[in-house]
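Below, each chain spelled out in residue letters.
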Amino acid sequence: MTSSFWALRTPSSTPRSSILAATTALFFLLPSSAFPQAAAAITLTSRATILVDATQPVPVQRAAQDLASDMQKVFGQAPAIITTPQAAGPVTILLGDEASGAPADHASSPEAFSITTGSDTLHGDHPTQIIRLSGSDTRGTLYAIYQFSQQYLGVDPMYYWTDRQPARHASIAIPASLDLKFPPPVFRYRGFFINDEDLLTGWAPGEAKDHSGISLAVWNKICETILRLKGNMIVAGTWPFPNDPQDRVVAERGLLLNQHHATPLGVNFSRWPHDVPYNFTSDPQYIENAWKHSVASYPKDQQILWELGLRGLSDEPYSAHDPAVRGNDKAQARLVSKALAEQVDIVHARFPHAVFITDLWMEGAKLMRSGDLVIPPNVITVWPDTGYGDMQDGGLAKPGDGAYVHVAMYNLLANQLSELTPVNRMFDSLGRFQKAGATSFLLVNTSDIRPVTMGASAVLDFGWRGASIGSSDKFYADWSTEEFGLKAAPAVAAIYKAYFAAPADRPGTPPVPYGDSYYHTIGRHMLENAMVQWPIYWVPGQAPFWAQPTPRPLPYDPNAAFQQAQTEIKACGDAEPRWDAVWHQALAAEPLVAPDRRDFYQSAILTMIAINRDSNRMLLALSQAVVALHNGDHATAETRTNEALRDIDDLQVAESKAEYGKWKNWYHGDWLTGVPRTRTLVEQFATYLKNPDAPMPPPLEWSNWEAYYHIQHYQGTRTVDVH
């Protein structure tokens, strides 16, 4: 090119945005050979400029700031961000898509991007070496920016959670004739579900400053992480209200806002007014009003993937509230089908180009497999996994469907504090969906993200590349190399596989592993049953206003604790050598880990293993104590109970080692798994063993709603608008 592409001749009346669109489109389409090559490489330093036109969308402006921050980490100084070619330096990184100014909506081309280099005269007679980061649409441009950071600056897409910093350099050589093209993603919609976010809320509360559950600064980092992993959507919390503060962060970052199976159309069903019936058969007007008010609450410019569905309050089955369909799957399917059709009409009245999904979590998958559920046309059918990576579609996934998978899950039994799902299981499940053409949607439940960095990365990477990502063994090797160094990689990859093989399995088809929550849930139940005789009452926690605070007695079996303890002695006893083995593997590998990666090794490997190993040991010791008490051997019961206390102490020491730097108080909000609550109850049991006439714990079953009381505290007494 003999003249600057910015100087393209157009009529003076043409709007600036149209000029920019035309010129950037021309630049994007030119082959690399069109640029005179002055050198074998472009020398990139902090003196480079980042050129992003002021008319570029806000998400691109945010990504430009991220790129400048990345370069500061590498070069020690941030480059200048400029908005006009006149300010360009000898080396300029040019950001923009071929349809600048066009919204990144559902009609845009599918997020392909390129990284190209060349030279041109941007101003005067001085040639400028150009690094062009461009996408087929706005999100494509974002991915180009973050891919460049990852590929050439060495920035970890998960850096915020893994604490990995790029190596420092005085300069980096970028090939002068790059022409890298990255195709569209395999799965159309890809993103995180921030679910059961107790650790995030306790660690980074946003109530006082931001009027949100989690601070907006952390929400911003969550959105940035999704984009760096080439995701394009987010479910921003378990129980948000429409237009919560984090929704604007989502919009400014260029992500689609999604909803989940328990919040169809964005209705916060955990805050249903307690004096209003919830019944779509007898009183449909209240539910319909809630849907309409929710849809009206979203700004017209918020890009949303609309969730359709009909579940009960606070993620219960709908049939729990409606006797007319209880025990009658066909009747329930007809009612849910009616709800889906009405929801489509409600949304289309305000958002005529809306895109819809329906997530068949729990009973939804059953109704779909039976053929009784009718899903409206052009709605993406999303098949969930079991919570452990095995899909519930029964082989019915078809072209246009999607998947919902878990790498963390809170259900009283699974892993909330540590990695949950082996990569091979996720890749097998998603690979089957890819072969079936069921690639319209991929949502991964990450809970609090930090404990599951490996699994979350694996799912979104598969969502972008599909089966071309390679085997799970390759992923373990690549991840371990990137995060812990080449020397440690083979050992760490083997540790991950041994970790997933270590826990005992609960019976089922397929069997599911003991999770970190299982040990504490079962341990507490056993101790309550051993100390407190019937009646034991269940009472709801503070958060669900719809629940009537009426205590009800739980079923009671005087031998339940003894029988459960016998089961756990066998299961946990068999698993103990496996946990010991993987623990010693991890200790042996630690010296191989790059010194600057040992903090992360502590949190991602050693603490993860310790949480499960020490919890397994704790449940084994408590089970032995309960059996000893049943047999009248108080001395052994006391000894084993004290061992359990030491196991919990060891677990909490491991957790404290993972609370380095910015992660101080990371486990402060452990309100769901409840390790501190377990310790309190074990202490009470130790006192009980010494003196059975000492004050007993209250005869109440703990409700995990305590966690959501904290998570939702910023919402005050707000309830769903149903009138």
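Everything numeric here is computed off the predicted structure, so don't read it as measured data.

Rules used in this analysis
- Residues numbered from 1 in each chain as written.
- Predicted model: local features only at pLDDT ≥ 70, side-chain atom pairs only at ≥ 80, totals over all residues.
- Heavy atoms only, no water.
- Helix = DSSP H or I, 4+ residues; strand = E, 2+ residues; numbered from the N terminus.
- Buried < 20%, exposed > 50% of the residue type's maximum accessible area, 1.4 Å probe, protein only.
- Contact = heavy atoms within 4.5 Å.
- Areas by Shrake-Rupley, 256 points an atom, 1.4 Å probe, with all protein chains shown as cover.
- Lys, Arg positive; Asp, Glu negative; His and termini not counted.
- Charge placed at Lys NZ, Arg CZ, Asp CG, Glu CD.
- Axes fitted to C-alpha atoms, helices over the stretch in contact; angles between N-to-C directions.
- Parallel < 35°, antiparallel > 145°, perpendicular 65-115°, else oblique.
- Left-handed = near helix turned anticlockwise from the far one by under 90°.
- Nonpolar A, V, L, I, M, F, W, Y, C, P; charged D, E, K, R; others polar.
- Pairing = 2+ DSSP bridges.
- Expected span 1.5 Å × (residues − 1).
- Polar contact = N/O pair within 3.5 Å; in protein donor to acceptor, adjacent residues only side chain to side chain.

Draft legend 1. Just the overall build of the protein chain, in detail. Across its full length, the protein chain carries 21 helices and 23 strands. Principal-axis analysis of the C-alpha atoms places the extent of the protein chain at approximately 95 × 65 × 50 Å. Taking all 723 residues of the protein chain together, 60% fall into the buried category. Taking the intrachain contacts of the protein chain between residues at least 6 apart in sequence as the baseline, contacts between residues at least 24 apart amount to 77%. A total accessible area of about 27100 Å² is found for the protein chain, and carbon and sulfur atoms account for 55% of it. Distance from the positive charge centre (56 side chains) to the negative charge centre (74 side chains) of the protein chain: 4 Å.

Draft legend 2. Inspection of the packing of helix α16 (residues 516-531) against helix α17 (residues 560-589) at higher detail. Two elements in contact, α16 and α17, have axes separated by 10 Å at closest approach and are oriented at 150°. Viewed along their axes, α16 and α17 adopt a mutual orientation that is roughly antiparallel. Considering only the axes of α16 and α17, their crossing is left-handed. Mapping the contact onto sequence places Tyr 518, Tyr 519, Ile 522, Met 526, Asn 529 and Ala 530 in α16 and Ala 560, Ala 561, Gln 564, Ala 565, Glu 568 and Trp 579 in α17. Residues belonging to the contact of α16 with α17 are distributed by class as follows: 9 nonpolar, 2 polar and 1 charged.

Draft legend 3. Here's a closer look at the sheet that holds strand β3 (residues 80-82). With mixed pairing, the 6 strands of this open sheet are ordered in space as β3-β2-β4-β6-β5-β8. Strand pairing shows two members of the sheet lacking a second neighbour, β3 and β8 (179-182), which therefore form its edges. Ignoring which end each strand starts from, the neighbouring axes of this sheet average 30° apart. Summarising the sheet, strand β5 (residues 113-123) and β8 pair through 4 bridges and their orientation is antiparallel.

Draft legend 4. Focus on the packing of helix α7 (residues 216-228) against helix α8 (residues 245-252). Interhelical geometry of α7 versus α8 gives an angle of 35° and a closest axis separation of 9 Å. Of the two elements, α7 crosses α8, and the hand of that crossing is right-handed. Within the contact between the two elements, α7 uses Leu 216, Trp 219, Asn 220 and Cys 223 and α8 uses Pro 245, Gln 246, Val 249 and Val 250. Taken together, the residues of the contact of α7 with α8 sort by class into 6 nonpolar, 2 polar and no charged.

Draft legend 5. Helix α3 (residues 138-153), seen in detail. In a regular helix each residue adds 1.5 Å, so 16 residues correspond to 22 Å; α3 covers 22 Å between its end C-alpha atoms and thus fits that length. By the criterion of burial, α3 is predominantly enclosed, with 14 of the 16 residues buried. Downstream of α3 by one or two residues, Gly 154 has phi in the positive range, about 75°.

Draft legend 6. Fine view of the environment of Thr 92. With respect to the helices, strands and loops of the structure, Thr 92 is situated in strand β4 (residues 91-95). Overall, Thr 92 belongs to the buried group, its relative accessible area being 1%. Thr 92 sits 13 residues away from Pro 79 along the chain, and the two C-alpha atoms are 9.9 Å apart. In terms of polar contacts, Thr 92 uses its side chain to reach the backbone carbonyl oxygen of Gly 89, at 3.2 Å.

Draft legend 7. A look at the environment of Asp 137. As for its position among the elements, Asp 137 is in the loop between β6 (126-135) and α3. For the pair Asp 137 and Ile 234, spaced 97 residues apart in the sequence, the C-alpha separation amounts to 19 Å. For Asp 137, the side chain forms a polar contact with the main-chain nitrogen of Glu 111, separated by 3.1 Å.

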